[in-house]
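Here are the chains, one letter per residue:
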Amino acid sequence: MVQIIWKLLVLILYVTLAFVSWLLWRFYIKPVIVRSRYRKHKNVFMGKGFYTPILGDFLQVKKNLENDEYLFNHLIQDGINSSKARFQNRGTDKYENEKDIQLIQFGDSLRISAISTKAVDELNKIPTTICDRTQSEFHALERAAPKSFTIVRTNQNWKKRREAFVRSMKLNYVSKNIPMVMKALEDKVATWKEGQEINFSDEMKEVTFKVILTILFGANLFDKIEKVGYEQEDGTIVQKSIPNALNDLFHDHNSMFNHWLFLASPSIAEFLNIPIMRRNKTNRDEIYRVLRNFLKKDADKDSVYQRVMTEHGLTEEEALQDTVFFLSAGLDTTASGITSTIYLLKKYPETYQKLRKELEEAGVTKDSDFSDPEVQEAVSNCSYLYYVFKEMTRIDTPVTGSLLRVALKDFKLCEVPIPKGALVTFSFLHNHVNYEHW
């Protein structure tokens, strides 16, 4: 009996040592080796002073979120400073070549970001058999709509669903909603009082919520849909409207970056069903339940949701997942874009006057019928309007980077080896503020 107990204790000891060794290898030794290998490549950029063994960039990300900043703000600012210093040192012995790749580590996960125009061009030419879209625990949008076409692998179903939304949201359909957009803006402005201090971004978020929801799901959504029972952090259930519930869900998904275990290993965190992940899944399921019940009995036949099914043959689940994705992706970005455009036009009055003159000369006013093909053509021919929006998205881009892809095989990007399983993306912001180009 004693021998059996002794053997059992020895076995437990060996298993424990093996597990601890595996954890040490996976979360400390391997990431350090990977980091040291990438340091040999002069075109790879890594944040200075932010990396912590095992946790990677977690502590700095947590600090960013606490300061109400973008979670990777430290890497972006580091990249901007590096670009500025490189530009200032041109022609001197301090000059360094432009960086192509940015390395980000969380626990045992490796994230590669293409940050130069060269790297972006090369990445776009990589076949989908080598690097393709994937569902990632690190992207809030993908958790809000985990089965949308934007994260499924490239195949005929993906092409069909993508084409359905491209056709259903083309200009001659969406443009007829411009009067509704203007009415929503006028109604919002009418609530403002002289001398009142407002958060313009939040005000525009309310407007874009209503507009995008109406385009995607129909006007009845606001009047007839039931409230969502949304679970709070303290376990209480609060009744919320669909717009508020979706907005809170998106931000609650981002808040998972505050949890060290989620960043160290999302798969282990999901297996252990940590509270924040369980709560987010419960709330997401509740939102989908309410939407499904409403859409089965009272959907607007002219909504994008109905059109992709009746005209393009998508299933109800495909249409719902894809529509929710577009809804989640378009809310903060659209509100941010409007806010930035108004701010920049106010800051540069000469640009505002030039833009206004172009629209007046084209015969475009707030009273124009934007469903009229002639008005649509007049707007499309306003080249300065196009350039204003393009420059706004460069100066203050609402979207910092692309959705994540995964390396299905080992490959090289700008001569830098990318291992199978690495998450891959490309950065819009780094190129938009690159001192070498602007």
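Now for a quick tour of the structure. (Residues numbered from 1 in each chain as written. Predicted model: local features only at pLDDT ≥ 70, side-chain atom pairs only at ≥ 80, totals over all residues. Heavy atoms only, no water.)

**What to know about the overall build of the protein**
The helix and strand inventory of the protein stands at 20 helices and 10 strands. Classification of the 438 residues of the protein by burial places 45% in the buried group. Residue pairs in contact within the protein that sit at least 24 positions apart in sequence constitute 68% of those at least 6 positions apart. Within the structure as shown, the protein displays about 24300 Å² of accessible surface, and the carbon and sulfur contribution to it stands at 56%. (Helix = DSSP H or I, 4+ residues; strand = E, 2+ residues; numbered from the N terminus. Buried < 20%, exposed > 50% of the residue type's maximum accessible area, 1.4 Å probe, protein only. Contact = heavy atoms within 4.5 Å. Areas by Shrake-Rupley, 256 points an atom, 1.4 Å probe, with all protein chains shown as cover.)

**A closer look at the packing of aromatic side chains**
Enumeration according to the criterion identifies 9 aromatic pairs in this entry. With 6.2 Å between their ring centres and 90° between their planes, Phe325 and Phe326 make a pair best called edge-to-face. With a relative accessible area of 27%, Phe326 lands in the partly exposed category. Centre to centre, the rings of Phe426 and Phe428 are 5.5 Å apart; their planes meet at 70°, and the pair counts as edge-to-face. The buried category is assigned to Phe426, whose relative accessible area is 11%. (Phe/Tyr/Trp six-rings, centres within 6.5 Å; stacked < 30°, edge-to-face > 60°.)

**Things to note about the packing of helix α17 (residues 349-361) against helix α19 (residues 383-395)**
Angle between the axes and distance between the axes: these two values describe a pair of packed helices. Remark: α17 packs on α19, axes separated minimally by 8 Å, with the N-to-C direction vectors making an angle of 145°. The way α17 lies across α19 gives a crossing that is left-handed. For the pair formed by α17 and α19, the contact residues are Thr351, Lys354, Leu355, Glu358 and Leu359 on the first element and Ser383, Tyr384, Leu385 and Val388 on the second. When grouped by side-chain class, the residues that make up the contact of α17 with α19 number 5 nonpolar, 2 polar and 2 charged. (Axes fitted to C-alpha atoms, helices over the stretch in contact; angles between N-to-C directions. Left-handed = near helix turned anticlockwise from the far one by under 90°. Nonpolar A, V, L, I, M, F, W, Y, C, P; charged D, E, K, R; others polar.)

**So, the nonpolar core**
Ranked by internal contacts, the top residues of the largest apolar core, which has 40 residues, are Phe217 and Ile242. Top contributing element to this core by residue count: helix α9 (residues 200-217), with 9 residues. With 23 residues, the next largest nonpolar core counts Ala114, Val120, Cys414 and Val424 among its residues. (Core = buried A, V, L, I, M, F, W, Y, C linked by side-chain atoms within 4.5 Å.)

**Quick word on the packing of helix α16 (residues 316-347) against α17**
Contact pair α16 / α17: the axes reach a minimum separation of 5 Å and the direction vectors enclose 105°. Between α16 and α17, the angle falls in the class roughly perpendicular. Seen from α16, the contacting residues are Leu345, Lys346 and Lys347; seen from α17, they are Pro349, Thr351, Tyr352 and Leu355. Partitioning the contact of α16 with α17 into residue classes produces 4 nonpolar, 1 polar and 2 charged. (Parallel < 35°, antiparallel > 145°, perpendicular 65-115°, else oblique.)

**A short note on the pattern of salt bridges**
Under the criterion given, the structure shown has 14 salt bridges. Close ionic contact of Arg161 with Asp322 constitutes a salt bridge, the shortest N to O distance being 2.7 Å. With Arg161 in helix α6 (residues 156-168) and Asp322 in helix α16, this pair connects stretches of sequence that are 161 residues apart. Here Asp322 falls in the buried class, since its relative accessible area comes to 0%. With a shortest N-O distance of 2.3 Å, Lys240 and Asp248 are connected by a salt bridge. A residue is classified by how much of its surface remains accessible, and Lys240, at 15% relative accessible area, is buried. For Asp248, a relative accessible area of 23% gives the class partly exposed. A single network of salt bridges, built from pairs that share partners, joins Lys188, Glu203 and Glu206. (Salt bridge = Lys/Arg side-chain N within 4 Å of Asp/Glu carboxyl O.)

**Quick look at the sheet that holds strand β7 (residues 405-407)**
Reading across the sheet, the 6 strands line up as β1-β2-β3-β10-β7-β4 and stay open at both edges, with mixed pairing between neighbours. Every interior strand has two partners, whereas the edge strands, β1 (44-46) and β4 (131-133), have only one. When strand polarity is set aside, the average angle formed by the axes of neighbouring strands in this sheet is 35°. The pairing of strand β2 (residues 101-106) with strand β3 (residues 109-114) spans 6 bridges and is antiparallel. By the bridge assignment, Leu103 is partnered in β3 with Ile112. Packed onto the sheet, helix α4 (residues 117-125) meets β2, β3, β4, β7 and β10 (423-426) and runs at close to 125° relative to β10. (Pairing = 2+ DSSP bridges.)

**Comments concerning the side chain of Asn283**
Relative to the helices and strands, Asn283 is located in helix α14 (residues 275-298). On the accessibility criterion, Asn283 (1% relative accessible area) is buried. The contact partners of Asn283, leaving out residues within four places of it in the chain, are Gly229, Tyr230, Glu231 and Leu249.

**Considerations on a nonpolar patch on the surface**
A cluster of nonpolar side chains, contributed by Met1, Ile5, Trp6, Leu8, Leu9, Leu11, Ile12 and Val15, occupies part of the molecular surface with about 880 Å² of accessible area. Relative to the assigned elements, Ile12 resides in helix α1 (residues 2-38). (Patch = residues over 30% accessible without salt bridge, like charges linked within 9 Å, V, L, I, M, F, W, Y side chains within 5 Å.)

**Structural notes on α6**
For α6, built from 13 residues, the straight-helix expectation of 18 Å at 1.5 Å per residue is met to within 8% by its first-to-last C-alpha distance of 18 Å. For α6, the complete set of buried residues consists of Trp158, Arg161, Ala164, Phe165 and Ser168. Summarising the axial view, the buried residues of α6 lie within an arc of 130°, below the 170-degree limit, and thus occupy one face. Capping the start of α6, Asn155 holds a side-chain oxygen 3.1 Å from the backbone nitrogen of Asn157, two or three residues further along. (Expected span 1.5 Å × (residues − 1). Arc of directions from axis to C-beta. Polar contact = N/O pair within 3.5 Å; in protein donor to acceptor, adjacent residues only side chain to side chain.)

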